[in-house]
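One-letter residues, chain by chain:
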Amino acid sequence: MRRVLSFTMKKILISRLSLLTALIFLVILDQTTKTIIVNNLPLLDELRVFEYLNIVLVYNRGAAFGIFSDGFLWQKIFLVFIPIGITIVISYVIFSKTNANYFKLGLTLILAGALGNLIDRIRLGYVVDFIDFHVGDLHWPAFNVADFVINIGAALIIFLEIKILIKKRKAQDRNGN
């Protein structure tokens with residue numbers, strides 16, 4: 001006897017497959033761009049793209065913006081095992097039956113970025129950064145594709161949460177609460 005999947009179940013499977021595909025694509029994109037930069041640009045060399053953007057190879061041995069870069073063993077362990085734990089939790093949330101698809105998309109972006117940087121940390125002992133935005137001599141810390149998608153994912157979730165709060169407030173105002 002063949003089982004027939006309901007329309008809802010097919011939709012959930014397609015959604016999960018789409019998120020998994022996006023996750024894999026973004027991790028591959030991140031790792032590919034890092035490999036191209038490492039193989040073609042000397043450490044700390046700058047390649048000017050346009051007035052506000054350079055490509056510069058930097059090895060980040062710490063966390064965001066170089067924090068925890070002192071090189072202590074506990075910091076290295078922390079920077080590997082904490083992202084692994086976060087990966088497990090986010091994966092569970094993404095592939096559970098609850099939550100809106102846009103929320104899951106935001107989490108997928110965050111997870112893809114976290115995995116891209118985690119791969120660097122495990123494989124190399126540091127994260128490869130190369131995107132350098134600046135205005136004159138004021139430079140934002142160098143980042144990579146993984147960092148970019150983490151920020152897009154976080155911004156998407158924040159935007160959605162604000163939208164939900166606004167909807168709730170309007171509903172409360174309509175009901176006189």
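As shown above, the structure is provided for reference.
Residues numbered from 1 in each chain as written. Predicted model: local features only at pLDDT ≥ 70, side-chain atom pairs only at ≥ 80, totals over all residues. Heavy atoms only, no water.

Caption draft 1: Structural context of the overall build of the protein. For the protein, the count of helices and strands is four helices and four strands. Along the protein, helices (α) and strands (β) appear in the sequence α-β-β-α-α-β-β-α when read from the amino end. The proportion of buried residues among the 177 residues of the protein is 33%. Residue pairs at least 24 apart in sequence account for 60% of intrachain contacts in the protein once pairs closer than 6 positions are excluded. Accessible area of the protein: about 12100 Å², with a carbon and sulfur share of 69%. (Helix = DSSP H or I, 4+ residues; strand = E, 2+ residues; numbered from the N terminus. Buried < 20%, exposed > 50% of the residue type's maximum accessible area, 1.4 Å probe, protein only. Contact = heavy atoms within 4.5 Å. Areas by Shrake-Rupley, 256 points an atom, 1.4 Å probe, with all protein chains shown as cover.)

Caption draft 2: Quick peek at the pairing of strand 1 (residues 46-50). Taken together, the four bridges between strand 1 and strand 2 (residues 53-60) define a ladder with antiparallel strand orientation. The residue of strand 2 that forms the bridge with Phe50 is Leu53. Linking strand 1 to strand 2, which pair antiparallel, is a turn of two residues. (Pairing = 2+ DSSP bridges.)

Caption draft 3: Highlighting the environment of Leu105. Note that Leu105 resides in helix 3 (residues 101-124). Taking relative accessible area as the criterion, Leu105 reaches 29% and is therefore assigned partly exposed. Spatially, the C-alpha atom of Leu105 lies 10.0 Å from that of Leu20, the residues being 85 residues apart in sequence. Apart from residues no more than four positions distant in its own chain, Leu105 is found in contact with Leu19 and Leu156.

Caption draft 4: Representation of helix 4 (residues 145-174). For helix 4, built from 30 residues, the straight-helix expectation of 44 Å at 1.5 Å per residue is met to within 8% by its first-to-last C-alpha distance of 43 Å. Val145, Ala146, Asp147, Val149, Gly153, Leu156, Ile157 and Leu160 are the residues of helix 4 that are buried. A side-chain oxygen of the first residue of helix 4 lies 2.9 Å from the backbone nitrogen of Ala146; this N-cap is Asn144. The positive-phi residue at the C-terminal boundary of helix 4 is Gly176, with phi of around 80°. (Expected span 1.5 Å × (residues − 1). Polar contact = N/O pair within 3.5 Å; in protein donor to acceptor, adjacent residues only side chain to side chain.)

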